[in-house]
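Okay, here's what each chain looks like letter by letter:
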Amino acid sequence: MKPELSSVAEAFAPLRHAASAAARNLGLGAEAQQISPEHWQRVLSAVEVRMGMRGVDLPEGWREDLATHMGRPEADAEPGS
């Protein structure tokens, strides 16, 4: 049985962690808000792969939601993902 998540922020914690780890692994030393839009797309792709390997089905609009949770402009998220 999966534990209940107490908030939306808590629900996005694994995605935020994956995004931070991806940025580090890609050699991007900046905070999420400071990463260029091009590099942010690489981070998003890495998050998608990492979560897929863990068997996590990402909800529609996850890229935009993650960008918001990490303090990035929503325009950086690929539309329709």
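Provided above is the structure to which this section pertains.
Worth saying up front: this structure is predicted, and the values here are computed from it rather than measured.

1. Points about the environment of Arg72
Then step 1. Here Arg72 is to be found in the segment after helix H4 (62–69).
Then step 2. For Arg72, the side chain forms a polar contact with the main-chain oxygen of Ile35, separated by 2.8 Å.

2. As for the pattern of salt bridges
Then step 1. By the definition in use, this model includes 1 salt bridge.
Then step 2. Between Arg63 and Glu48 there is a salt bridge, and its shortest N-O distance comes to 2.8 Å. One end of the pair, Arg63, is in helix H4; the other, Glu48, is in helix H3 (residues 37–53), and 15 residues separate them in sequence.
Then step 3. The class of Arg63 is buried, set by a relative accessible area of 4%.

3. Things to note about H3
Then step 1. Taking 1.5 Å of rise per residue, the 17 residues of H3 would be expected to cover 24 Å, and the 24 Å separating its terminal C-alpha atoms lies within 8% of that figure.
Then step 2. What H3 keeps buried is the set Trp40, Gln41, Val43, Leu44, Val47 and Met51. All buried residues of H3 project into a common sector of 160° when viewed along the axis, lining one side. Residues of H3 that are exposed and point more than 90 degrees away from the buried face comprise Glu38, Val49 and Met53.
Then step 3. The secondary structure elements touched by the buried residues of H3 are helix H2 (13–25) and H4.

Scoring rules and cut-offs
- Residues numbered from 1 in each chain as written.
- Predicted model: local features only at pLDDT ≥ 70, side-chain atom pairs only at ≥ 80, totals over all residues.
- Heavy atoms only, no water.
- Helix = DSSP H or I, 4+ residues; strand = E, 2+ residues; numbered from the N terminus.
- Polar contact = N/O pair within 3.5 Å; in protein donor to acceptor, adjacent residues only side chain to side chain.
- Salt bridge = Lys/Arg side-chain N within 4 Å of Asp/Glu carboxyl O.
- Buried < 20%, exposed > 50% of the residue type's maximum accessible area, 1.4 Å probe, protein only.
- Expected span 1.5 Å × (residues − 1).
- Arc of directions from axis to C-beta.
- Contact = heavy atoms within 4.5 Å.

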